[in-house]
Amino acid sequence: MADEKSLVKINKKHGGKEFSSFFRFIGQVKPVRKLNNKTGSWEEQPLFQETLTRTNRPRRVLQFNVETAKSNELKVELNGMEQEYVYAYSSKHKQNIKLKWEDRHNKERWKDQNEQVNNIDNTYHLLLPDWDKTYEFSQKVNIGDWVEVTGHYEPNEFPDSEGNERTVVKRIIDNIRLIKNGKVLGDNGEERPIKLDGKEIKYVEDFNSPDFVEVNYFTMQIGIRSTYQDENTRDTKVNAVFLTYGKERSNPYDIELTVPYKEPSEGKTALADAFATLERGDFIQVEGIDNNRVEFVAVEVEENLDLDDPFVNVEEKTVRTKWVVSGDKKGLEITSYVKGTLMKSFLTEQEITKEEKKNNENPFESNSEEKDPFNDDDRLEDFTDDELPFLN
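Residues numbered from 1 in each chain as written. Predicted model: local features only at pLDDT ≥ 70, side-chain atom pairs only at ≥ 80, totals over all residues. Heavy atoms only, no water.

Asks: Before we move on, can you summarise the side chain of serine 250 with the specific residues and values?
Replies: Tracing the sequence through the fold places serine 250 in the loop between strand 19 (236–244) and strand 20 (251–259). When its relative accessible area of 7% is taken as the criterion, serine 250 is described as buried. There is a polar contact of 2.6 Å between the side chain of serine 250 and the backbone oxygen of lysine 17. What serine 250 contacts, discounting residues up to four positions off in sequence, is His14, Gly16, Lys17, Glu18, Leu243 and Thr244. (Helix = DSSP H or I, 4+ residues; strand = E, 2+ residues; numbered from the N terminus. Buried < 20%, exposed > 50% of the residue type's maximum accessible area, 1.4 Å probe, protein only. Polar contact = N/O pair within 3.5 Å; in protein donor to acceptor, adjacent residues only side chain to side chain. Contact = heavy atoms within 4.5 Å.)

Below, the structure written as structure tokens:
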């Protein structure tokens, strides 16, 4: 059994479990498009903008799509608002200091508002708030650039236009690095090789090249609600729970993932078959790829000739094909799991179950606003399914 203390974060105040996630995408920056309900047309959104929330608070928004492969565009974003305080951290002293917002960029004015650290030396560095990050990232990224984006997933629940609760999972940006000549540019402009599965690869900035290799990776800690394996395809659908920070207890969110069936080697078990055996309350860390793909198939172009046309029976013909849309593939696809992370009956029924609200409040309403300073503007009713990262 895995060591739960080292694997899963435990909230120090109420002892609740908090799961982690991570993604890494390399691809080309494309604009986000939003549906204009009045005109019925899709309009490109600014890569960066400052707006006001519904409560008239300034808010910075950075958003764009990363096309990791032809027709696989993944929306990534980062939002930030001004705060009352920020923090700086010293890895040497392993300590935080609390700073006034207006003093964050002037070290001479730094003073620990908690009054625990008096000697603030040069080992303390500002933990850049999202308000500053959004602007900093926007200055080095343009539409058409090739980038490496790393970040994490952030689920939340919102009422849709019909009053139904839906879970939206956003891809939150933690860092952005430019790609040049198939290399990652470091902070000082140095070129670093791109690695995939621990091995250096030759990355080609051309989706149509036969040498192109997609870099699209995620990992996520999940608890199991239920699993279902299709009798025909043998793909396994995983109805999972993802635990996040909560003020009084961890918040459980529904996440849906898929394990495609792949014929195993002789004597081995298919991953989809193994996941189908997991039971409610089990825990595991998974890895895979993130899909928002339009799938195409090549079809032969038909020739419409009269039966008496002499070209009907000509043998010397070159077949012409065209690509047509055959469907789409969306959501998180599990391709492996992290060895040593499987823990049976790790979660209690209370941890999996959403907390019921008192006074006839919405039983699915998240209390994440305690932590999210700009939650008042994150509404679902203004969006369509195609605009959102993925929905459950």
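Moving on from the model shown.
Asks: Explain the sheet that holds strand 10 (residues 95–100) to me, using residue names and the numbers behind them.
Replies: Pairing in this open sheet of three strands is antiparallel, and the strands run 10-9-11 from one edge to the other. Each edge of the sheet is formed by a strand with only one pairing partner; in this case those strands are strand 10 and strand 11 (124–126). Recorded for the sheet is a direction-independent mean angle of 35 degrees between the axes of neighbouring strands. (Pairing = 2+ DSSP bridges. Axes fitted to C-alpha atoms, helices over the stretch in contact; angles between N-to-C directions.)

Asks: Any chance you could break down the nonpolar core for me, citing the residues and the numbers?
Replies: Residues Phe64 and Leu257 are the most contacted members of the largest nonpolar core, which totals 49 residues. If we ignore the near neighbours within four places in the chain, the residues touching leucine 257 are Phe218, Ile222, Thr236, Lys237, Val238, Ala240, Val286, Leu332 and Ile334. Counting residues in each nonpolar core, the second largest holds 11 residues, with Ile26, Ile201, Tyr203 and Phe207 among its members. (Core = buried A, V, L, I, M, F, W, Y, C linked by side-chain atoms within 4.5 Å.)

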